[in-house]
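# Chains, contacts and geometry: an overview
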Amino acid sequence: AQAEKSGHPFPLTIVFVERKTKCDEVAEALTQQGLLATALHGGRSQNEREAALRDFRHGPINILVSTDV
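Described in the following lines is the structure provided in the data block. Worth saying up front: this structure is predicted, and the values here are computed from it rather than measured.

## Topic: the side chain of threonine 67
- Looking at the element boundaries, threonine 67 is found in strand S3 (residues 63-67).
- Take threonine 67: its relative accessible area is 13%, and that puts it in the buried class.
- The residues contacting threonine 67, other than those within four sequence positions of it, are Phe16, Val17, Arg19, Lys20, Cys23, Leu40 and His41.

## A short note on the sheet that holds strand S2 (residues 37-40)
- Spatially, three strands are ordered S1-S3-S2 in an open sheet, and the strand pairing comes out parallel. Of all strands in the sheet, those with a lone pairing partner are strand S1 (13-17) and S2, marking the two edges. Strand-to-strand twist across the sheet, computed as the mean angle between neighbouring axes with direction ignored, equals 25°.
- Sheet topology places S1 next to S3; five bridges connect them, and they run parallel.

## Some thoughts on the environment of alanine 52
- You can see alanine 52 is positioned in helix H3 (residues 46-58).
- Once the C-alpha coordinates of alanine 52 and leucine 64 are considered, the two residues, 12 residues apart in sequence, prove to be 7.9 Å apart.
- Each residue touching alanine 52, except ones within four places of it in the same chain, is listed here: Thr38, Ala39, Leu40, Arg44 and Leu64.

## Concerning H3
- If you check H3, its first and last C-alpha atoms are 18 Å apart, about what 13 residues at 1.5 Å a residue would give, namely 18 Å.
- Looking one or two places after H3, you find glycine 59, whose phi comes out positive at around 100°.

## Comments concerning the pairing of S3
- Across the five residues that make up S3, a large majority, five, are buried.
- Going residue by residue along S3, you find Ile63, Val65 and Thr67 tucked away on one face and Leu64 and Ser66 tucked away on the opposite face as well.
- Bridge count between S2 and S3: four bridges; the pairing is parallel. When the bridges of S3 are listed, alanine 39 appears paired with valine 65.
- Note on the crossover from S2 through H3 to S3: the handedness is right-handed.

## Some remarks on the nonpolar core
- Val17, Cys23, Ala27, Leu30, Ala37, Ala39, Ile63 and Val65 together form the largest nonpolar core, which totals eight residues.
- Breaking this core down by element, the ones donating at least two residues are helix H2 (20-32), S2 and S3.
- Top contributing element to this core by residue count: H2, with three residues.
- Discounting chain neighbours no more than four positions away, the residues touching valine 17 are Lys22, Cys23, Val26, Val65, Ser66, Thr67 and Asp68.
- One finds Leu40, Ala52, Ile61 and Leu64 within the second-largest nonpolar core, a separate group that totals five residues.

Cut-off values and rules
Residues numbered from 1 in each chain as written. Predicted model: local features only at pLDDT ≥ 70, side-chain atom pairs only at ≥ 80, totals over all residues. Heavy atoms only, no water. Helix = DSSP H or I, 4+ residues; strand = E, 2+ residues; numbered from the N terminus. Buried < 20%, exposed > 50% of the residue type's maximum accessible area, 1.4 Å probe, protein only. Contact = heavy atoms within 4.5 Å. Pairing = 2+ DSSP bridges. Axes fitted to C-alpha atoms, helices over the stretch in contact; angles between N-to-C directions. Expected span 1.5 Å × (residues − 1). Right-handed = clockwise from strand over helix to strand, strands pointing away. Core = buried A, V, L, I, M, F, W, Y, C linked by side-chain atoms within 4.5 Å.

Without other data, these values stay purely geometric and don't point to any function.
Spelled out as structure tokens, the structure:
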């Protein structure tokens, strides 16, 4: 029921990785598998980071790949 309220069919998931490049690689690999993932790290612009968080919180993204800082 909680997932239905947030608009996400699957639980929200955060994956932490060590480096920005790995962050992008993991997000891309998940996307290629048909999953809704995005990367969040300091190499992205403030607007890109805000959009990633917004899409994660409110849909459609349900997997956030972030650096472990």
